[in-house]
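One-letter residues, chain by chain:
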Protein chains: 2
Amino acid sequence: MNKNRETGAVLDPKYDASGLITAVATDAVTGEVLMVAHMDAEALERTRETGEAHFYSRSRARLWKKGESSGNVLRVVEARIDCDQDSVWLRVEPAGPTCHTGARSCFYRQIQPDGLHRVD
Amino acid sequence: MNKNRETGAVLDPKYDASGLITAVATDAVTGEVLMVAHMDAEALERTRETGEAHFYSRSRARLWKKGESSGNVLRVVEARIDCDQDSVWLRVEPAGPTCHTGARSCFYRQIQPDGLHRVD
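Residue positions within a chain follow its written sequence, with the count starting from 1. The naming scheme follows written order: chains are lettered A onward, ligands numbered 1 onward. Reporting of local features is limited, given that this is a predicted model, to residues whose pLDDT is at least 70; pairs of side-chain atoms are given and counted only at 80 or more, and all residues count toward the totals for whole chains, interfaces and linings. Hydrogens and waters are ignored; side-chain quantities use all the structure's heavy atoms.

As recorded by an unreviewed UniProt entry, chain A carries the name Phosphoribosyl-AMP cyclohydrolase and is attributed to Stakelama pacifica. UniProt positions are given in the numbering used here, feature names are shortened, and annotations may be inferred rather than shown by experiment. For chain A, the Subunit (unreviewed entry) comment in UniProt is given as "Homodimer."

If you want it as structure tokens, here you go:
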């Protein structure tokens, strides 16, 4: 592993073959994981510039500001990057439900021995 | 999107072209994101069977029980899956530092306007 990337103070994301890193958004108050998505360099830059979470939509193959149509933006309170700089953690204040299904979080089902149980 | 996958009670992970889904582990007590990794079907199955987090190591191309060498296993308190079933959220009790660097979490650096700031 690149030691500068791991211990240094320089933001140097390790993009994958598709030019993406993983992004996890958690509720800054409750700690709940709200969603997992991907960012390319532009999405990361826009997020840093605006303080609102931007991602790269793989299905639509374009930059995607979370909440651009729903209004349910994610205001970034804190952003962190992991040891090998291929994942970003955003602590956010959500303006509304994060999931397109209307749920507060995309993780609304527990995995149980007999299947999935809705918890939210 | 597959509606059964989104609303149903059947675990039906949407593995990517490499046979992987994303896994996020958070501390069950503090809510802190500890690490982000990947799981193949076997890693998910082992995690469910044993109650300890297993992942798929892309660099080593094999199943990887977190803590297999360090002893710093992650005991799973709760597992959830997201709307499109391509990401898993594990709420865990860590037996020790999660990061191979010795940090409690892999996310030990904030992204600030002037670069990365160590916070842990």
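A.B. asks: An account of the UniProt feature "domain: Phosphoribosyl-AMP cyclohydrolase" (unreviewed entry) in chain A is requested, with residue identities and associated values reported.
C.D. replies: The residues that UniProt annotates with the feature "domain: Phosphoribosyl-AMP cyclohydrolase" (unreviewed entry) are residues 35–108 of chain A. Strand forms 39% of residues 35–108 of chain A and helix 14%; the C-alpha atoms that close the span are 10 Å apart. Only runs of H or I of at least four residues qualify as helices and only runs of E of at least two qualify as strands under DSSP, and these elements are numbered from the N terminus.

A.B. asks: Account for the side chain of Gln85(A), naming residues and giving values.
C.D. replies: Relative to the assigned elements, Gln85(A) resides in the loop between β5 (74–81) and β6 (87–94). For the exposure calls, accessible area comes from a 1.4 Å probe over protein chains only, and a residue counts as buried if that area is under 20% of its type's maximum, exposed if over 50%, partly exposed in between. Taking relative accessible area as the criterion, Gln85(A) reaches 0% and is therefore assigned buried. The criterion used for residue contact is that any of the two residues' heavy atoms lie within 4.5 Å. When near neighbours in sequence (up to four residues on either side) are disregarded, Gln85(A) contacts Arg5(A), Val10(A), Leu11(A), Asp12(A), Pro13(A), Lys14(A), Ile21(A), Arg109(B) and Leu116(B).

A.B. asks: Could you give an account of the relation of the copies chain B and chain A, naming the residues involved and the relevant values?
C.D. replies: One copy of the chain maps onto the other through a rotation about an axis plus a displacement along that axis. Superposition of the copies used a least-squares fit over C-alpha atoms from residues whose pLDDT is at least 70 in both. Mapping chain B onto chain A leaves a residual RMSD of 0.0 Å; the transformation is a rotation of 180° accompanied by 0.0 Å of translation along its axis. Put plainly, the chains are arranged around a two-fold axis. Scanning chain B for the C-alpha nearest the rotation axis identifies Gly31(B), at a separation of 2.4 Å. With an isologous cut-off of 70% or more, the 100% of interface residues of chain B that recur at the interface of chain A puts this contact in the isologous class.

A.B. asks: Explain the sheet that holds β5(A) to me, and be specific about the residues and the numbers.
C.D. replies: Should DSSP find at least two bridges between two strands, the strands are regarded as paired. In spatial order, the strands read β2(A)-β1(A)-β6(A)-β5(A)-β7(B)-β8(B); together these 6 strands make up an open sheet with mixed pairing. Two strands in the sheet have a free side with no partner beyond their single neighbour: β2 (33–39) of chain A together with β8 (115–118) of chain B. For this sheet, the mean inter-axis angle between neighbouring strands, taken without regard to orientation, is 35°. Inspection of the sheet shows strand β1 (residues 21–27) of chain A paired to β6(A) by 6 bridges, in the parallel sense. If you follow Ala25(A) over to β6(A), its bridge partner there is Leu90(A). In this description, a line fitted to the C-alpha atoms serves as the axis of each element, helices being fitted only across the stretch in contact, and the angle between N-to-C directions of two axes falls anywhere from 0 to 180 degrees. With respect to the sheet, helix α2 (residues 41–50) of chain A is in contact with β1, β2, β5 and β6 of chain A together with β7 (109–112) and β8 of chain B, its orientation differing from that of β2(A) by roughly 125°.

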